[in-house]
Amino acid sequence: MKDVEIRLPDRPGALADMARALGEAGIGIEGGGAWVVDGRGVGHFLFADEAPAAAVLRGCGVEVVAERPVAMLRLDQAMPGQLGLACSQMAAAGVNLVAQYSDHDHRLVLVADDVAAARSVAEAWTVAVR
């Protein structure tokens, strides 16, 4: 899976235009979110690795800031404090998180400055939880 970071104009329909272009290209969004910061739309969306999402987005006028591989892990939703514990383990490994959100399968998606280290922490988390 990969995260695609985008910028959109802060206007009605900008997100709809983006999502429509992806849908027309047959590309599904696996997770993500968008918000407005300082008058600009900012988004992080999750796609299958092979999906040409960035090319489609650029083709419809969306500014693609970055494409990054992600680390993923599943939190125990019934146990408070899971996000804090997982993020603390990432920090202890020297991982800086650029973004975090959930996918449609209820997994935590982590965009990190060091994806290999983040994946190592996520793998250890998964083993410990089993």
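All figures in this text were calculated on a predicted structure; none of them were measured in a lab.

> Sorry, what's going on with unusual backbone geometry here?
Among all residues except glycine, the phi angle is most often negative; among peptide bonds, the trans geometry is most common. Of note in the backbone geometry, D38 takes a positive phi value of approximately 50 degrees without being a glycine. When you line up the elements, D38 lands in the loop between β2 (31–37) and β3 (40–47). On the basis of relative accessibility, which here comes to 78%, the residue D38 falls in the exposed class.

> Can you help me understand the pairing of β3 in this one?
As a general feature of sheets, a regular strand has side chains that alternate between the two faces. Where burial is concerned, most of β3 is hidden: seven out of the eight residues are buried. In terms of strand pairing, strand β1 (residues 2–9) meets β3 through eight bridges, oriented antiparallel. Of the residues in β3, the one forming a bridge with P9 is R40. Linking β2 to β3, which pair antiparallel, is a turn of two residues; within it D38 sits at a positive phi near 50 degrees.

> Explain the sheet that holds strand β7 (residues 108–112) here, please?
Within a sheet, neighbouring strands are paired by backbone hydrogen bonds and run either parallel or antiparallel to one another. Spatially, the three strands line up as an open sheet ordered β5-β7-β6, and their pairing is antiparallel. A strand with exactly one partner marks an edge of an open sheet, and here the two such strands are β5 (71–73) and β6 (97–102). In this sheet, neighbouring strand axes are inclined to one another by 20 degrees on average, regardless of whether the strands run parallel or antiparallel. Where helix α3 (residues 82–92) meets the sheet, it contacts β5, β6 and β7, and its direction lies at approximately 150 degrees from that of β6.

> Just checking my understanding: could you explain the pairing of β7 for this structure?
With respect to burial, β7 is a largely interior element, five of its five residues being buried. One ladder, built from three bridges, connects β5 with β7; its direction is antiparallel. Within β7, the position partnered with A71 by the bridge is L110. Summarising the sheet, β6 and β7 pair through five bridges and their orientation is antiparallel. Directly across from S102, in β7, lies its bridge partner L108. Between β6 and the antiparallel strand that follows it, β7, lie five residues; H106 among them carries a positive phi value of about 65 degrees.

> Can you help me understand the pattern of salt bridges in this one?
Opposite charge on two side chains permits pairing when their charged atoms draw close. Inspection of the entire model under this criterion finds nine salt bridges. The shortest N-O distance in the salt bridge between D17 and R20 comes to 2.7 Å. Note that D17 and R20 are positioned in helix α1 (residues 14–24) at a spacing of three residues, about one turn of the helix. Using a relative accessible area of 46% as the deciding quantity, one classes R20 as partly exposed.

Parameters and conventions
- Residues numbered from 1 in each chain as written.
- Predicted model: local features only at pLDDT ≥ 70, side-chain atom pairs only at ≥ 80, totals over all residues.
- Heavy atoms only, no water.
- Helix = DSSP H or I, 4+ residues; strand = E, 2+ residues; numbered from the N terminus.
- Buried < 20%, exposed > 50% of the residue type's maximum accessible area, 1.4 Å probe, protein only.
- Pairing = 2+ DSSP bridges.
- Axes fitted to C-alpha atoms, helices over the stretch in contact; angles between N-to-C directions.
- Contact = heavy atoms within 4.5 Å.
- Salt bridge = Lys/Arg side-chain N within 4 Å of Asp/Glu carboxyl O.

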